[in-house]
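Topology and contacts: notes
Given next are the chains, with one letter for each unit.
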Amino acid sequence: MGSSFDQSKLELYRLMGVTFMFSIAMMMINPILPLYILEVGASKLELGLIMAISSLSGIVLRIPFGMASDKLGRRIVMLFSLLTYSTALILLSTINRVILLYPVALLLSIPMASYIPSSTAAVMDLAPLEDRGTTMGIYFTSFGTATILGPLLCSLLVKSLSYRQLLLVTSLFPLLAVLILTKGTSSVLTGGPVDAGGRPSSTLKSIKSLLKSKSLVGLSLGRLSFSTAGFVFATLFPVYANKDLLMTASSIALLYSARGAANAISRLPSGKLCDLVGPKRLLLLAYTLLSFFYLAVPSLNSFHLLLLLMAVNGIGWGMRVVSDQTIASEILEPEVRGLGTAFLGTMFSIGRFLGSLLAGIFATLMPIPRVIRIFGVLPVLGLLAVFLLVREDS
C-alpha cells in the first residue's frame, strides 16, 4: 500500500510538470494575443469574432474528448493535445492575413478542449478520498505557478522579440510537456480505459445521470457566468490598457504576472480550506471577489493600483478553481469523470465564446470600461448558482 501511495504521488508530480508546461505556453500568449490580432490588421469586431471562434471546438469537442479520455486513456488524449498546441502556435506565428486567423484560432482551441478534461480527470483518479481538496490544491499549483512565470517571461521577452518570434518560442513548451508525459509507467497516464468497477455504462445513460445532478447544474451555471465575464475582460483589457492607458505590452504582461502570483499563492491554502470549511463557502467568496474586480478595474488608471487589483482577481480565480474542482471530484463517479469534466468544461467554453463575441460587438458601440462593468455583474449571478450546490442524496 505504501508503494502504491508513493507511485500515486510521483504520478501527481509528473502530471503537474506536464500541466505546468502546457499552462505556461497558454499564459505567455494571453497578454499579447489580442494585440497581435490587431497588429495583423483586425478590427475590434474581428478581434471578438476571432477570439470567439477559438472557443468553438471547446463547445463541440470537449465532451467527445472527455469520452475518449475515459475509453482510450488519459495519456493518449493529452499527447494529442500537446502536439496540436505546438503546431497551432507555429502556424499562428506565420499569419499575415486576417482571414487566416480564423482557421488557426480554431486549431488553437482544440488543445483547450482536449487537454483540460483528460488531465483534470487524471488527477481526480489519483486523489485519495479523504484529501481531495488538498490534492486538487496541490495539482492546480502547477497551473498557478504558470500564471506567474508565463506573463513574466512574456514581459521580459516581448522587449526584444516581436509577437511572431514570441509565439515561436512559446511553441517549445508543449513539446517539453510531451517529453515529461512519455517518461512514466502509471496506468493512470500510460493509456487504456478507465476501470468502471464492473458497472456497465453507456454514453446516453452517463449524460442523463450527469444532468440529473443538481450540484452539477449549479457548477455549470457558475462556470458559465464566470467565463463569460472573464473573457470579456481577457479580450478587451489588453487593448484598453495599451490604447487608452498607453501601457506597453511588457507592462500589461506584468499585470498578468501579478494576477498569476496571487492565483498560485492562493491555490494550496484554498485546498486546505476546502477540506476544513467546505468548498461551497469558498466558491461563494470567490465569485464575490471576482465581481468586485470587474466592477472596480475600469475606474483605475494607476499601474500600481491595477497591479493590486489584478492580485485580488488572482486570489478569487485561485479559490474558484480549487473549490469548483473539489466539488466536481465529489460528485463525479470514476467511470464518467472524463465525460463529467468535459461537460463542465463545455460550459466554460460556451462562456468563453459568448464573452469574446459580445466583447467585440459591445466594444464597437461603447467605451471598453463600460463593457467590462456591464458584464462584470455576471459572477453575482454565479453566486445564485452556487446555492444549487446541495449535497446529493446517497
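As the structure is a computational prediction, the values presented were derived from the model and not from experiment.

Counting its regular elements, the protein chain contains 17 helices and zero strands. A burial count over the protein chain gives 57% of its 394 residues as buried. Once local pairs closer than 6 in sequence are excluded, the contacts in the protein chain between residues at least 24 apart make up 88%. When the accessible area of the protein chain is evaluated, it comes to approximately 15,600 Å², of which 69% is carbon and sulfur surface.

This next bit is on a nonpolar patch on the surface. The grouping of Leu45, Leu49, Ile361 and Leu365 at the surface amounts to a nonpolar patch, some 330 Å² of accessible area in total. Considering the arrangement of structural elements, one finds Leu49 in helix α3 (residues 44-53).

Moving on, we come to the packing of aromatic side chains. Using the criterion set out here, one finds twelve aromatic pairs in the structure. Both rings, one in Phe237 and one in Tyr240, keep their centres 6.3 Å apart while their planes meet at 55°; by these two values the pair is tilted. Here Phe237 and its partner Tyr240 are both found in helix α11 (residues 214-243), three residues apart, which amounts to about one turn of the helix. The exposure classification of Phe237 matches that of Tyr240, with both residues buried. Each ring, one from Phe293 and one from Tyr294, has its centre 5.2 Å from the other, and the planes form 70°; the classification is edge-to-face. For the residue pair Phe293 and Tyr294, the accessibility class agrees, reading buried in each case. One aromatic cluster is present, built from ring pairs that chain together Phe233, Phe237, Tyr240, Phe293 and Tyr294. Over the ring of Phe226 we find Arg320, and its NZ or CZ is 4.1 Å from the ring centre.

Time to look at the environment of Ile350. Here Ile350 is to be found in helix α15 (residues 337-363). Each C-alpha atom of the pair Ile350 and Leu224 lies 6.9 Å from the other, and the pair is 126 residues apart in sequence. When near neighbours in sequence (up to four residues on either side) are disregarded, Ile350 contacts Ile59 and Leu224.

The biggest cluster of nonpolar side chains holds 103 residues, and the ones touching the most others in it are Tyr85 and Phe233. Sequence-distant contacts of Tyr85, that is, excluding residues within four places in its chain, are made with Phe22, Ala25, Met26, Ile29, Leu108, Pro111, Met112 and Pro174.

A few words now on helix α8 (residues 163-170). Three or more residues of α8 are buried, namely Tyr163, Leu166, Leu167 and Thr170. Projected down its long axis, α8 shows its buried positions confined to an angular sector of 100°, all on one face.

What follows is about the pattern of salt bridges. As enumerated under the stated definition, the model contains three salt bridges in all. A salt bridge links Arg223 to Asp324; its shortest N-O distance comes to 2.6 Å. Pair noted here: Arg223 is in helix α11 and Asp324 is in helix α14 (residues 303-331), with a separation of 101 residues, a long-range link. Classification of Arg223 as buried rests on a relative accessible area of 7%. With relative accessibility at 1%, the residue Asp324 sits in the buried group. One salt bridge connects Arg320 with Asp324, and the closest N-O pair in it is separated by 3.6 Å. One end of the pair is Arg320 and the other is Asp324, both in helix α14 and four residues apart, which spans about a single turn. Taken together, the shared-partner salt bridges connect Arg223, Arg320 and Asp324 into one network.

Turning our eyes to something else, we now look at the side chain of Ser114. Relative to the assigned elements, Ser114 resides in helix α6 (residues 98-126). A polar atom in the side chain of Ser114 sits 2.6 Å from the side chain of Ser81. Ignoring anything within four residues of it in the chain, the contact list for Ser114 reads Phe65, Val77, Phe80 and Ser81.

For Lys272, the position within the fold is in helix α12 (residues 249-277). Between the C-alpha atoms of Lys272 and Thr135, which are 137 residues apart in sequence, the distance is 9.2 Å.

So, on to the packing of helix α13 (residues 279-296) against α14. Interhelical geometry of α13 versus α14 gives an angle of 150° and a closest axis separation of 8 Å. As summarised for this structure, α13 and α14 are arranged roughly antiparallel, according to the angle between their axes. Here α13 and α14 pass one another in a crossing that is left-handed. Counted by class, the contact of α13 with α14 contains 19 nonpolar, four polar and four charged residues.

At Leu246, a position not held by glycine, the phi torsion is positive, near 60°. Within the secondary structure, Leu246 is located in the loop between α11 and α12.

For the rest of this paragraph, the subject is the confidence of the model for the protein chain. Scored by pLDDT, the protein chain comes out at a mean of 84, with 86% of its residues at no less than 70. Below pLDDT 50 for its whole length, residues 196-201 participates in five contacts with residues either more than four positions away or in separate chains. The low-confidence segment residues 390-394 (pLDDT under 50) makes five contacts with residues lying over four places distant or belonging to another chain.

The N-to-C vectors of α11 and helix α16 (residues 368-376) enclose an angle of 165°; their axes lie 9 Å apart at closest approach. Between α11 and α16, the crossing angle belongs to the class labelled roughly antiparallel. Relative to α16, the crossing made by α11 is left-handed. In this structure, α11 uses Ala229, Val232, Phe233, Leu236, Val239 and Tyr240 to contact α16, whose residues at the interface are Ile368, Pro369, Val371, Ile372 and Phe375. Grouping the amino acids of the contact of α11 with α16 by side-chain chemistry returns eleven nonpolar, no polar and no charged.

Conventions adopted
Residues numbered from 1 in each chain as written. Predicted model: local features only at pLDDT ≥ 70, side-chain atom pairs only at ≥ 80, totals over all residues. Heavy atoms only, no water. Helix = DSSP H or I, 4+ residues; strand = E, 2+ residues; numbered from the N terminus. Buried < 20%, exposed > 50% of the residue type's maximum accessible area, 1.4 Å probe, protein only. Contact = heavy atoms within 4.5 Å. Areas by Shrake-Rupley, 256 points an atom, 1.4 Å probe, with all protein chains shown as cover. Patch = residues over 30% accessible without salt bridge, like charges linked within 9 Å, V, L, I, M, F, W, Y side chains within 5 Å. Salt bridge = Lys/Arg side-chain N within 4 Å of Asp/Glu carboxyl O. Phe/Tyr/Trp six-rings, centres within 6.5 Å; stacked < 30°, edge-to-face > 60°. Lys NZ or Arg CZ within 6 Å of the ring centre and 35° of its normal. Core = buried A, V, L, I, M, F, W, Y, C linked by side-chain atoms within 4.5 Å. Arc of directions from axis to C-beta. Polar contact = N/O pair within 3.5 Å; in protein donor to acceptor, adjacent residues only side chain to side chain. Axes fitted to C-alpha atoms, helices over the stretch in contact; angles between N-to-C directions. Parallel < 35°, antiparallel > 145°, perpendicular 65-115°, else oblique. Left-handed = near helix turned anticlockwise from the far one by under 90°. Nonpolar A, V, L, I, M, F, W, Y, C, P; charged D, E, K, R; others polar. pLDDT = per-residue confidence, 0-100.

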